[in-house]
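Remarks on the overall topology
Now for the letters of each chain:
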Amino acid sequence: MCGIVGAVAERNVVEILLEGLKRLEYRGYDSAGVALLDSDGNLTRLRRTGKVQELADAVANESALGATGIAHTRWATHGGVTEANAHPHFSSDRIAVVHNGIIENYLELRKQLDNAGYTFTSDTDTETIAHQVHEELKSSDDLLSAVQKAVKKFHGAYGTVVMDREDPSRVVVARSGSPLVIGLGLGENFIASDQLALLPVTRRFIFLEEGDVAEITRRTVKIVDIDGNPVERDIVDSVVEHDAGDKGGYRHYMLKEIHEQPTVVRNALKGRLLDNGLAEGIFGQGADELLAKVQHVQIIACGTSYHAGMTARYWLEQYANVSCNVEIASEFRYRKSFVQPNSLLVTISQSGETADTLAALRLAKELGYMGSLTVCNVPGSSLVRESDLAFMTKAGAEIGVASTKAFTTQLTAFLMLTLALGQHNGLSEEDGKSIISALQSLPAKLEETLLLSEGIEDLAEEFADKHHSLFLGRGDQYPIAMEGALKLKEISYIHAEAYASGELKHGPLALIDDEMPVIVVAPNNELLEKLKSNVEEVRARGGIMYVFADKQANFQSDETMRVINVPHCEAPIAPIIYTVPLQLLSYYVALIKGTDVDQPRNLAKSVTVE
Ligand code: F6R
């Protein structure tokens, strides 16, 4: 979603700001803007709808410069995609503001500010921040106290950066519900909504906490907490390795990330999985004691991460003998729920910033769970900081909006959690050994599965003119069918539905005809014969099927069915292996359709608003 970059330096910061915005492009946006202040107090603003490159061209044309500046990529919520609605927003050519999140009471504030004589030039909620700060400055000693007073009036979520033309030596920032990180340089300091934006200029970061307001100058950072008390926050050296400009020779980040899966899964297992079980303490300090008491797991997540949770439920119940519920965060947070005895709350998130998942974690903390664990990919993210335990998936930065390697590393993490919980709940020796050997074989099996790429590229041609599709799976492959359908709809815009194939005759069979391709995931497991019956039901109604199957499952290609043999693998890792051909299928279909694979329309990478 929206991205923020800001800087206070001695040099011209425009390139730093634009590079930062480019590094945040993957999050999804529809307009971009920058405001620059030079030491004489000259304030320049440029905004463009469309890509950051269009803004960069405009900046080059105007030779805009300044040693203090703020920049933003906007993903429209309040007000259409227009230059007037793009950030930064100004109040009387004095205050400039960028903002991520939503000010929910903006209409009420807007009315008051209107009455106070302020003129609004956009339809956004953000413009109220600029005018409110301006208003508070009238009765404040400095910008910091004006922002402190202003934020008390805002309901909703904000990560905001404010600049005052009358004092180019500082910016003031405030965080509540939308992340902000301060980057520390030598004689210059920075602010961003994501550390990735600042990696070219620093690797030393301060992650602001909820309610923090901070004043940043070239040499100082002063932070006050929600009650206005001065606070010290830890300085963290970033471990994130990321060169946003590097697609590694691949045409898209998504394809690169699909092909990275053997390597990142290897990283996720390294030092954690041993020949005879798990290394000690891999879930963090105090985790072993907590996990020993767990009898029930409540998983909360959104989107692809939710599908990882759904798959995990099959494993936790089948192997670890622990009961498990899985729920979409936006549902969980708004309904009354009951906490089972000895329950562990587990959130799953690539970004660690998904607004609904974070709100659900905060709510759950009040409900009496024994503890919370997050399975997350971004170190230092809000979910990591606010959970009792964090298990990092180590997938590396995921830039493509459609999640791929984050999902398969989440699943890898859950097989390890299955081992950890199972050892206290009667995991059989046979199942334990089978999970360990399956995990050990996983990176090599993923490499072998990626060799299907070429065949799937050919197959994709048959989908490009279709408008609907149906994905079928059973057992732990049902969530994989759901994930396959989500990938296809996200990046190719083909309507895709997923069903547990036992449900076919309860409704979806009515849809079957030769215009609706049916994609089936068919490993050789105990449900195979039942799945074959479902396949016959489709065939009898003239459906055209694409079956991703284990060779030993004995499916034969014919005029109604195309069979793609997937490498044989051990049962526990089958959901991870069968994910890969479905990722490739959606990628190649999108490529043929010519959609924006890495930044599909209407979607954002990190969903920081509700
Ligand atoms: C789909 C996708 C989304 C995310 C969802 C949750 O490809 O990426 O469905 O999985 O928005 O995001 P995280 O995992 O960051 O909480």
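Just above sits the structure.
Okay, so let's go over this structure. (Residues numbered from 1 in each chain as written. Predicted model: local features only at pLDDT ≥ 70, side-chain atom pairs only at ≥ 80, totals over all residues. Heavy atoms only, no water.)

Strand β6 (residues 95–103) sits mainly inside the fold: nine of its nine residues count as buried. Note: strand β5 (residues 89–91) against β6, three bridges, orientation antiparallel. Bridge pairing links Phe90 to Ala96 in β6. In this antiparallel pair of consecutive strands, β5 and β6, the connection spans three residues, and Ser92 shows a positive phi of 50 degrees. Examined bridge by bridge, β6 and strand β7 (residues 156–164) share nine bridges and lie antiparallel to one another. Residue pairing in the sheet places Gly101 in a bridge with Tyr158 of β7. (Buried < 20%, exposed > 50% of the residue type's maximum accessible area, 1.4 Å probe, protein only. Helix = DSSP H or I, 4+ residues; strand = E, 2+ residues; numbered from the N terminus. Pairing = 2+ DSSP bridges.)

Our focus in this paragraph is helix α13 (residues 405–422). The end-to-end C-alpha distance of α13 is 25 Å, a good match for the 26 Å that 18 residues give at a rise of 1.5 Å each. Among the 18 residues in α13, 18 count as buried, and that is most of the element. (Expected span 1.5 Å × (residues − 1).)

Formed by 88 residues in total, the largest nonpolar core has its most connected members in Ile299, Leu439 and Phe548. Ranked by the residues each element gives to this core, the list is headed by helix α18 (residues 574–593), at twelve residues. With residues up to four places along the chain from it excluded, the contact list for Phe548 reads Ile456, Leu459, Ile519, Val520, Val521, Ala522, Ile564, Val566, Tyr578, Pro581 and Leu582. Ranked by size, the runner-up nonpolar core spans 35 residues in total, among them Ile16, Ala71, Phe205 and Val240. (Core = buried A, V, L, I, M, F, W, Y, C linked by side-chain atoms within 4.5 Å. Contact = heavy atoms within 4.5 Å.)

Ordered in space as β23-β22-β24-β25-β26, the five strands form an open sheet in which the pairing is parallel. A strand with exactly one partner marks an edge of an open sheet, and here the two such strands are β23 (495–500) and β26 (561–566). Strand-to-strand twist in this sheet, taken as the mean axis angle between neighbours without regard to direction, amounts to 20 degrees. One ladder, built from three bridges, connects strand β22 (residues 468–473) with strand β24 (residues 518–522); its direction is parallel. Counted as the bridge partner of Leu470 is Val518 from β24. In the packing of helix α17 (residues 528–539) onto the sheet, contacts are made with β22, β24, β25 (545–550) and β26, and the angle to β24 comes to roughly 165 degrees. (Axes fitted to C-alpha atoms, helices over the stretch in contact; angles between N-to-C directions.)

Bringing the packing of helix α4 (residues 126–137) against helix α5 (residues 143–151) into the picture now. Direction vectors running N to C along α4 and α5 enclose 120 degrees, while the axes themselves pass 8 Å from each other. Between α4 and α5, the angle is such that the two are oblique. Pair α4 / α5 crosses with right-handed handedness. Touching Gln132, Val133, Glu136 and Leu137 of α4 are Leu143, Ala146, Val147, Lys149 and Ala150, all from α5. Grouping the constituent residues of the contact of α4 with α5 by class yields six nonpolar, one polar and two charged. (Parallel < 35°, antiparallel > 145°, perpendicular 65-115°, else oblique. Left-handed = near helix turned anticlockwise from the far one by under 90°. Nonpolar A, V, L, I, M, F, W, Y, C, P; charged D, E, K, R; others polar.)

On inspection of all chains with the given rule, the structure shows 31 salt bridges. In this structure, Glu10 engages Arg218 in a salt bridge whose closest nitrogen and oxygen atoms are separated by 3.4 Å. Within this pair, whereas Glu10 is found in the loop between β1 (3–8) and α1 (14–24), its partner Arg218 is found in the loop between β12 (213–216) and β13 (221–224), the two being separated by 208 residues in sequence. What makes Glu10 exposed here is its relative accessible area of 62%. Taking relative accessible area as the criterion, Arg218 reaches 24% and is therefore assigned partly exposed. Across the pair Arg362 and Glu386 runs a salt bridge whose closest N-O atoms are separated by 2.7 Å. Highlighted residues: Arg362 in helix α11 (residues 355–365) and Glu386 in helix α12 (residues 382–386), separated in sequence by 24 residues. Given a relative accessible area of 27%, Arg362 falls into the partly exposed group. (Salt bridge = Lys/Arg side-chain N within 4 Å of Asp/Glu carboxyl O.)

Side chains of strand β10 (residues 189–192) alternate between two faces, with Asn189 and Ile191 and Phe190 and Ala192 buried alike. Here strand β9 (residues 181–184) pairs with β10 via four bridges, running antiparallel. Across the sheet, Val181 pairs through a bridge with Ala192, a residue of β10.

What follows is about the packing of helix α9 (residues 303–318) against α13. Their axes nearest at 9 Å, the elements α9 and α13 cross at an angle of 30 degrees. Taken together, the axes of α9 and α13 are roughly parallel relative to one another. Once α9 is placed against α13, the crossing between them reads as right-handed. Counted together, Thr304, Ser305, His307, Ala308, Thr311, Ala312, Trp315 and Leu316 of α9 and Phe407, Gln410, Leu411, Phe414, Leu415, Thr418 and Leu421 of α13 form the full contact between these two elements. Looking at the contact of α9 with α13, its residues break down into nine nonpolar, six polar and no charged.

With parallel pairing, five strands are arranged side by side in an open sheet as β18-β17-β19-β20-β21. A strand with exactly one partner marks an edge of an open sheet, and here the two such strands are β18 (323–328) and β21 (389–392). Each strand of the sheet is rotated relative to its neighbour by a mean of 20 degrees, with strand direction disregarded. Pairing of strand β19 (residues 343–349) with strand β20 (residues 371–376), which is carried by six bridges, proceeds in the parallel orientation. Bridge pairing in β20 places Leu344 opposite Gly371.

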